[in-house]
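Commentary on secondary and tertiary structure
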Amino acid sequence: MKLITISLFFLLSLVGVTASAALPEYKIINNPCPKSAYGSITRYSITSKNLQSDIIVDVWTPNGYDTSDGVRYPVVYAHDGQNLFDGSYSFAGVPWAVDKACSQLSSDSNFDMPIVVGINNRGSENLRPNDYFPEKALDYISPEQKELTFIYQTCNDIFYGDEEAAFVAKELKPLIDSLYSTASGMETTFAMGSSMGGLASMYLLCEYPEIFGGAACLSTHWIGSLNLNSDYTMNDDEICANAILQYLSDHIPTDGLHRLYMDQGTKDWDAGYLKYEVIAREIVADKGYTQENGRLYVYDAKGAGHNEWYWQQRVKIPLKFLLSKSAIEEAGVEHISKEYETSFDQHAIYNLGGQRYSLSDLESLPQGIYIKNGKKFIK
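Only a predicted model underlies this, so the values are computations on that prediction, with no experimental measurement involved. (Residues numbered from 1 in each chain as written. Predicted model: local features only at pLDDT ≥ 70, side-chain atom pairs only at ≥ 80, totals over all residues. Heavy atoms only, no water.)

**Digging into the pattern of salt bridges**
For the structure shown, the criterion picks out 11 salt bridges. Ionic pairing is found between D108 and K320, a salt bridge with its closest N-O pair at 2.9 Å. One end of the pair, D108, is in the loop between α2 (98-105) and β5 (115-119); the other, K320, is in helix α10 (residues 316-323), and 212 residues separate them in sequence. The class of K320 is buried, set by a relative accessible area of 10%. Its salt-bridge partner being D263, residue R314 comes within 2.7 Å of it at the nearest N-O pair. You can see R314 sitting in helix α9 (residues 308-314) and its partner D263 sitting in strand β8 (residues 259-265), a full 51 residues away along the chain. Of the two residues, R314 and D263, both sit in the buried class. Taken together, the salt bridges that share partners define one network made up of K136, D162 and E207. (Salt bridge = Lys/Arg side-chain N within 4 Å of Asp/Glu carboxyl O. Helix = DSSP H or I, 4+ residues; strand = E, 2+ residues; numbered from the N terminus. Buried < 20%, exposed > 50% of the residue type's maximum accessible area, 1.4 Å probe, protein only.)

**Side note on the nonpolar core**
With 67 residues, the main nonpolar core has V117, W222 and L260 as its most contacted residues. When residues no more than four places from it in sequence are discounted, the contact partners of V117 are V57, D58, V59, V75, V76, Y77, A78, L172 and I176. Membership of the second largest hydrophobic core comes to 34 residues, among which are W60, A101, C102 and W311. (Core = buried A, V, L, I, M, F, W, Y, C linked by side-chain atoms within 4.5 Å. Contact = heavy atoms within 4.5 Å.)

**A look at a nonpolar patch on the surface**
A contiguous nonpolar surface patch, about 260 Å² in accessible area, is contributed by Y26, I28 and L179. As for its position among the elements, Y26 is in strand β1 (residues 26-29). According to the relative accessible area criterion, Y26 is partly exposed, its value standing at 39%. (Patch = residues over 30% accessible without salt bridge, like charges linked within 9 Å, V, L, I, M, F, W, Y side chains within 5 Å. Areas by Shrake-Rupley, 256 points an atom, 1.4 Å probe, with all protein chains shown as cover.)

**Side note on the packing of helix α6 (residues 196-207) against helix α7 (residues 238-251)**
Remark: α6 packs on α7, axes separated minimally by 10 Å, with the N-to-C direction vectors making an angle of 30°. Classed by the angle they form, the pair α6 and α7 counts as roughly parallel. The way α6 lies across α7 gives a crossing that is left-handed. Of the residues in α7, those in contact with L199, M202, Y203, C206 and E207 of α6 are I244, Y247, L248 and H251. Tallied by class, the residues present in the contact of α6 with α7 amount to 7 nonpolar, 1 polar and 1 charged. (Axes fitted to C-alpha atoms, helices over the stretch in contact; angles between N-to-C directions. Parallel < 35°, antiparallel > 145°, perpendicular 65-115°, else oblique. Left-handed = near helix turned anticlockwise from the far one by under 90°. Nonpolar A, V, L, I, M, F, W, Y, C, P; charged D, E, K, R; others polar.)

**Points about the packing of aromatic side chains**
Enumeration according to the criterion identifies 13 aromatic pairs in this entry. Judged by centre distance (6.5 Å) and plane angle (80°), the rings of Y44 and Y180 are edge-to-face. Taken together, the positions of Y44 in strand β2 (residues 39-48) and Y180 in the loop between α5 (161-179) and β6 (189-194) put the pair 136 residues apart, joining distant regions of the chain. Comparing Y44 with Y180 shows no difference in burial state: the two are buried. Seen in terms of ring centroids, Y203 and Y247 are 5.3 Å apart; in terms of plane orientation they differ by 50°. Their pairing is tilted. Of the two residues, Y203 is situated in helix α6 and Y247 in helix α7; the sequence distance between them amounts to 44 residues. Each member of the pair Y203 and Y247 is classed as buried. (Phe/Tyr/Trp six-rings, centres within 6.5 Å; stacked < 30°, edge-to-face > 60°.)

**Examining the sheet that holds strand β4 (residues 75-79)**
As summarised here, the arrangement of the 9 strands in space is β1-β2-β3-β5-β4-β6-β7-β8-β9, forming an open sheet in which the pairing is mixed. On the outer flanks of this sheet lie β1 and β9 (296-301), each paired with one strand and no other. For this sheet, the mean angle separating the axes of adjacent strands, direction not counted, is 20°. Note that β8 and β9 share 6 bridges and pair parallel. (Pairing = 2+ DSSP bridges.)

**Notes on the side chain of S53**
Within the fold, S53 resides in strand β3 (residues 53-62). If near-sequence neighbours (up to four positions away) are discounted, S53 is found in contact with I46, T47, S48, R122 and E125.

**So, the packing of α2 against α10**
Close contact between α2 and α10 brings their axes to 10 Å; oriented N to C, the two are set at 55°. Relative to α10, α2 is oriented oblique. Relative to α10, α2 is oriented so that their crossing is right-handed. Contacts between α2 and α10 involve V98, A101, C102, Q104 and L105 from the first element and K316, L319 and K320 from the second. A per-class count over the contact of α2 with α10 returns 5 nonpolar, 1 polar and 2 charged.

**Focus: unusual backbone geometry**
Following N31, the chain continues into P32 via a peptide bond in cis, with omega recorded as 5°. Inspection of the secondary structure assignment puts P32 in the loop between β1 and β2. With a phi close to 50°, N156 is a non-glycine residue in the positive phi region. Among the secondary structure elements, N156 is positioned in the loop between α4 (151-154) and α5. Located in the positive-phi region is S195, a residue other than glycine, with phi close to 55°. Relative to the helices and strands, S195 is located in the loop between β6 and α6. The exposure class assigned to S195 is buried, which follows from its relative accessible area of 7%.

**Here we look at the environment of K287**
Topologically, K287 is positioned in the loop between α8 (268-286) and β9. Overall, the relative accessible area of 31% leaves K287 in the partly exposed class. In the structure, K287 is positioned 32 residues away from D255 in sequence and 9.2 Å away in space, judged by C-alpha atoms. Ignoring anything within four residues of it in the chain, the contact list for K287 reads S249, I252 and T254. Of the polar contacts made by the side chain of K287, one reaches the backbone oxygen of S249; its length is 3.1 Å. (Polar contact = N/O pair within 3.5 Å; in protein donor to acceptor, adjacent residues only side chain to side chain.)

Encoded structure:
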């Protein structure tokens, strides 16, 4: 009996060593590091074997987070992590302010305060579309269609969608679970992102349904490719969009255990996605996701365009839907309904969705992110 006990102890020790060895290498970056007035952020550089690259990850913990109190926190894995918390790090200086949104929701007894893991994109290496495009959607593009879609040009025929998903699911999540007091089950693990980050979040839900219990997809870039005109308007890509939608139909989990949040604005690039958003919502409804059963939340952000300022305005909605103890409770956030007049007198100023303004409109521009003389500025 003593020998059996020793053998079991030795076996368990080996299992522990193996599990520990499987975790990716990482280091903490103290400077520079984003700041939060609503909690704490720790920045990591994590070496991914799947991506063969060092990935920057910002982990936000709320005020009061304490590993000694036994509380386990749900976790949101959010794409485009540099845009989440600190305006000095985010695109054009506008953050989603996820930390602020969570803190504002904390007074609601029905809201489970999360840990938010911001996965920084590799945009500085021009690899964001390569990482975020749902790679297996390529299986739905025939050889005859290959020359008729822009996605191969967008990604230079190099795709890392499978590797990025594997990094998040198989490397990053185990590391976060080892470092933080997480509620690590599928039902408390979520993905979130906007635009192509919305595609990547949908892909995590479809590829790893045993790990991710839900996804929030804001302003999802259903056309997949990025083919821009000189005025920053986006060209449609029906072939690529149909491939993504067919992939979604074949792979979205149908066990009745998952949640999905979907939204679109009605201006700029978002307006071009709307016809595909309608199809996507029909697909998931056919697969059993409905607002009545609490598995689906759809939101039409009327008057909203395609940039971080607009996502900041409504980020509470997906957070509350995914992190509420009652999945079917209304989020209670008002729609953005203000309509803006557009001037086309001159074509010198563009917002990031392509809407054009005259130089004379500088004082009356709505809040947002703009390009003037090739440089971004915010209002």
